[in-house]
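Spelled out, the chains give:
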Amino acid sequence: MKGFPDQANPVSMQFEYWLFWLSNSEHSHDLLDCVSDADDGNLVVFARLAAARLFGVYWCRQNNQEEAPETPTMSNELGIGILGCGKTSRIYFNLIPKFNGLQLRACADLNREVALVRADEFDIRAETVHDLFQAEDISVIVNLSAPDAHAMMSREILNNGKHVYSEKPFARTSAEGAAVRQHAEKLGLFVGCAPDAFMGGAPQTARKAISEGLIGEVSGATLHAMNHGMEAWHPNPDLFYKSGIGPMADFGPYFICSVLNLLGPVEQVSAMSSTPGKTRTIGQGPRKGEVFDVETPTTIHAALSVMDGPLVAFSASWDVQAHAHSAMEIYGSEGTLFLPDPVFFGGDVIRVLKDGTREVLNQENHPFGLPNFKIHGRERANYRSAGLADMANAVRLGHDFRCSMERALHTVDVIEAILTAAATGQHVKISEMPTRPAPLSPDQAKALLR
């Protein structure tokens, strides 16, 4: 597992492992006080306890089993704070209370009035940013700051001894993301990152279909994330048109996480891009009519080579008024899967076979595929905070979690590589290959919910 010191002395190495697990225990303060006065014999005992714990985790992974989920109680729920109370925050305020192991306690925003409104609406405390970072009853801070400040704010949260769950993008560049990882590993803290929509009923059904060979051997896929941009509805769209953001950084994480979940990590990319409009006009809110500069490509066409062989074509654009492409299509030797928009957790997964047979795959009542809210008059499944609840289990139990920092870094690497390839005309290799996230069965999803 990344982040542990590489020690030659087995006892010392076991002790470092033990300290890692211990740092995430509800009894950590009492036990660490004991360690400070422990003799060598006691260190060996502690190391053996840690080794036993690690063996349990190892055995579960080797046998493709998850550890029995701990049922959170009031005493071991993690206190959650939200940093940033803008438009994106509402779904987190609404959904965090629906998940086991999470207790939403406070929020903060640079605009104090916005934080006060959210706090009153959801019956929690409104803090200053400084006080939120210092709050003793907060274990995890959900980082909903401006997209170009995510990495900087994640580091500040870590500096204050809190675990971080960040909205995407994890960072603007691979270097920024690597700095956050190095900081988290040094401090022994957990960092997770959205999106978690790949944990939904639709993508998990598609993953199962692929693994069971329902479309034969996969040869490729196409991804389409295209619309006319967000300036018509977002009050501060200029934040998303800054250098390093754009449609690839905004849409990209959903689609790249889906590729990682369904097919595996991306190992090489090539791309072309354009910026047809050099300015945009805000269409809603107090800044309506304001014109701002576009600092990033708004149309990108990329080719992705997945480590296990499939080739993926990915088009992301904010210059398209309408189109008739499926959001995702997976092509196999025996048929094709048509997947819904990976921004959401649900929707129909359709299989079409060689002979033209067409069927909607059974999602087995996966809890994260059931519609739970309306958007533009359509019933949608949105269980954002599932990744946060999964990370909370990891904090308590010390195992891997699906929206991990390593996988978020892979997404950043791929997005940066696409933009670099488009700018230079070169093929760009991806340096780090994370493992695929564990699948999420209906029963495992149900265990995350209250």
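Residues numbered from 1 in each chain as written. Predicted model: local features only at pLDDT ≥ 70, side-chain atom pairs only at ≥ 80, totals over all residues. Heavy atoms only, no water.

### A word on the environment of Pro265
Counting through the fold element by element, Pro265 comes out in the loop between helix 10 (246-262) and strand 8 (266-274). Taking the C-alpha atoms as reference, Pro265 lies 9.2 Å from Ile430; in sequence the two are 165 residues apart. Residues contacting Pro265, with those up to four places away along its chain left out, are Leu260, Ser305, Val306, Met307, His410, Met433 and Pro434. (Helix = DSSP H or I, 4+ residues; strand = E, 2+ residues; numbered from the N terminus. Contact = heavy atoms within 4.5 Å.)

### Here we look at the environment of Val191
Here Val191 shows up in strand 6 (residues 191-193). With a relative accessible area of 2%, Val191 lands in the buried category. The sequence separation of Val191 and His163 amounts to 28 residues, and the corresponding C-alpha distance is 5.9 Å. In contact with Val191, other than residues within four places in its own chain, are Leu158, Val164, Phe170, Ala184, Met391, Phe401, Cys403, Ser404 and Met405. (Buried < 20%, exposed > 50% of the residue type's maximum accessible area, 1.4 Å probe, protein only.)

### With respect to helix 11 (residues 386-397)
Taking 1.5 Å per residue, 12 residues should reach 16 Å; helix 11 reaches 17 Å between its end C-alpha atoms and fits that length. Buried residues dominate helix 11, accounting for 12 of its 12 residues. Of all the positions in helix 11, only Ala386, Gly387, Leu388, Ala389, Asp390, Met391, Ala392, Asn393, Ala394, Val395, Arg396 and Leu397 are classed as buried. Within two residues after helix 11, Gly398 carries a phi angle of roughly 85 degrees, on the positive side. (Expected span 1.5 Å × (residues − 1).)

### Description of the packing of aromatic side chains
Within the structure shown, the criterion is met by 11 aromatic pairs. Arranged with centres 6.1 Å apart and planes meeting at 55 degrees, the rings of Phe99 and Phe368 form a pair that is tilted. Here the residue Phe99 occupies a position in the loop between helix 4 (89-95) and strand 2 (102-108), and Phe368 occupies one in the loop between strand 16 (358-360) and strand 17 (373-375), the gap between them amounting to 269 residues. Ring centres 6.0 Å apart and planes at 40 degrees place the aromatic pair Phe190 and Phe401 in the tilted group. Taken together, the residues span a long stretch of sequence, with Phe190 in the loop between helix 8 (174-187) and strand 6 and Phe401 in the loop between helix 11 and helix 12 (405-424) at a distance of 211 residues. Taking the relative accessible area as the measure of exposure, Phe190 reaches 6% and is therefore buried. Taken together, the aromatic side chains of Phe99, Phe345, Phe368 and Tyr383 make up a single cluster linked through ring pairs. (Phe/Tyr/Trp six-rings, centres within 6.5 Å; stacked < 30°, edge-to-face > 60°.)

### Comments concerning the side chain of Glu329
When you line up the elements, Glu329 lands in strand 13 (residues 328-332). Although buried, Glu329 forms no salt bridge, and the nearest oppositely charged side chain, Arg358, lies 9.1 Å from it. Excluding anything up to four places from it in sequence, Glu329 contacts Gly220, Ala221, Thr222, Leu337 and Phe338. (Lys, Arg positive; Asp, Glu negative; His and termini not counted. Salt bridge = Lys/Arg side-chain N within 4 Å of Asp/Glu carboxyl O.)

### What about the sheet that holds strand 8?
Strand order in the open sheet formed by 9 strands is 16-15-14-13-7-12-11-8-19, with mixed pairing between adjacent strands. What marks the edges here is a single partner per strand, and that holds for strand 16 and strand 19 (428-429). Sheet topology places strand 8 next to strand 11 (residues 299-306); 8 bridges connect them, and they run antiparallel. Bridge pairing links Val266 to Val306 in strand 11. Across the sheet, helix 9 (residues 201-211) is in contact with strand 7 (218-226), strand 13 and strand 14 (335-339); its angle to strand 14 comes to roughly 170 degrees. Packing of helix 12 onto the sheet brings it into contact with strand 8, strand 11 and strand 19, and relative to strand 8 it is tilted by some 45 degrees. (Pairing = 2+ DSSP bridges. Axes fitted to C-alpha atoms, helices over the stretch in contact; angles between N-to-C directions.)

The values reported here are purely geometric and, on their own, carry no functional implication.
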